[in-house]
Amino acid sequence: MKLAICPGSFDPVTYGHLNIITRAASMFDKVVVVVMINGTKQPLFSCEERVDLLKRATAHLPNVEIDFYGGLLADYARERDATVIIKGLRALSDFEYEFQMALTNRKLNPAVETVFLTTNAEYMYLSSSLVKQVAGLGGDIREFVPPCIIQDILQKYGRNETE
Ligand code: PNS
């Protein structure tokens, strides 16, 4: 069975992430989406909450599993016996950081290959930080995230869907 790992902070999951996850799920027997710690970011949602949002947003994808891991991605890949890491690339600005991570992960676990999927043009601008900014300032986030998680995001800012 060919297994791929799709790591990220997913704070929260967006349509951009879901596009990459869906496409990865059509290429591999199984995709494990793993919520991880990005030491440079201060998350809005707890790890448990991010896992829960992802579970709901991917419930229609039978070969996608959601997990959390608090350690190194290279170690997680080893634990799961996975040799492919899938990352989404939005623009050139993502490249340097992703390139650095891919090389570091290969150094730490030579069995692992990072495969980049280019995001759909329609989601090039989209990021979790943008969703949080728009939600926090009273904007409409329906274009950015699936309906099943909208209330969870609005609630973080003391809003609700009926507003
Ligand atoms: O969605 P993000 O924030 O761009 O994802 C980055 C993430 C979480 C995949 C990255 O920070 C990561 O791999 N964290 C786990 C710890 C680790 O392995 N760090 C070394 C990466 S080279």
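Residues numbered from 1 in each chain as written. Predicted model: local features only at pLDDT ≥ 70, side-chain atom pairs only at ≥ 80, totals over all residues. Heavy atoms only, no water.

Draft legend 1. Structural detail: the pairing of strand E4 (residues 84-89). Among the 6 residues that make up E4, 5 are buried, leaving the element largely enclosed by the rest of the structure. Inspection of the sheet shows strand E1 (residues 3-8) paired to E4 by 2 bridges, in the parallel sense. Along E4, the bridge assignment pairs Ile 5 with Ile 85. One ladder, built from 6 bridges, connects E4 with strand E5 (residues 113-118); its direction is parallel. (Buried < 20%, exposed > 50% of the residue type's maximum accessible area, 1.4 Å probe, protein only. Helix = DSSP H or I, 4+ residues; strand = E, 2+ residues; numbered from the N terminus. Pairing = 2+ DSSP bridges.)

Draft legend 2. Geometry of the packing of helix H2 (residues 47-57) against helix H6 (residues 147-156). Where H2 meets H6, the axes come as close as 8 Å, and the angle between the chain directions of the two elements is 155°. Looking at the two axes, H2 sits roughly antiparallel to H6. Where H2 abuts H6, its residues Glu 49, Leu 53, Arg 56 and Ala 57 lie against Cys 148, Ile 149, Asp 152 and Lys 156. When the residues that make up the contact of H2 with H6 are grouped by side-chain class, the tally is 4 nonpolar, no polar and 4 charged. (Axes fitted to C-alpha atoms, helices over the stretch in contact; angles between N-to-C directions. Parallel < 35°, antiparallel > 145°, perpendicular 65-115°, else oblique. Contact = heavy atoms within 4.5 Å. Nonpolar A, V, L, I, M, F, W, Y, C, P; charged D, E, K, R; others polar.)

Draft legend 3. Representation of the environment of Asn 120 in the model. As for its position among the elements, Asn 120 is in the loop between E5 and helix H5 (128-136). Since its relative accessible area comes to 30%, Asn 120 is described here as partly exposed. When near neighbours in sequence (up to four residues on either side) are disregarded, Asn 120 contacts Asn 19 and Arg 23.

Draft legend 4. Highlighting helix H1 (residues 15-27). Given a rise of 1.5 Å per residue, 13 residues ought to cover 18 Å, and the 19 Å separating the end C-alpha atoms of H1 matches this to within 8%. Within the sequence span of H1, burial applies to Gly 16, Leu 18, Asn 19, Ile 20, Ile 21, Ala 24 and Ala 25. Buried positions along H1 lie against E1, strand E2 (30-35), H2, strand E3 (64-68), E4 and E5. The N-terminus of H1 is capped by Thr 14, whose side-chain oxygen sits 3.1 Å from the backbone nitrogen of Gly 16. (Expected span 1.5 Å × (residues − 1). Polar contact = N/O pair within 3.5 Å; in protein donor to acceptor, adjacent residues only side chain to side chain.)

Draft legend 5. Spatial organisation of H6. Inspection of H6 places Ile 149, Ile 150, Ile 153 and Leu 154 among the buried residues, and these make up the whole buried set. Viewed along the axis of H6, the buried residues span an arc of 145°, placing them on a single side of the element. Looking at the buried residues of H6, the elements they touch are H2 and H5. Backbone geometry just downstream of H6 places Gly 158 in the positive-phi region, at approximately 65°. (Arc of directions from axis to C-beta.)

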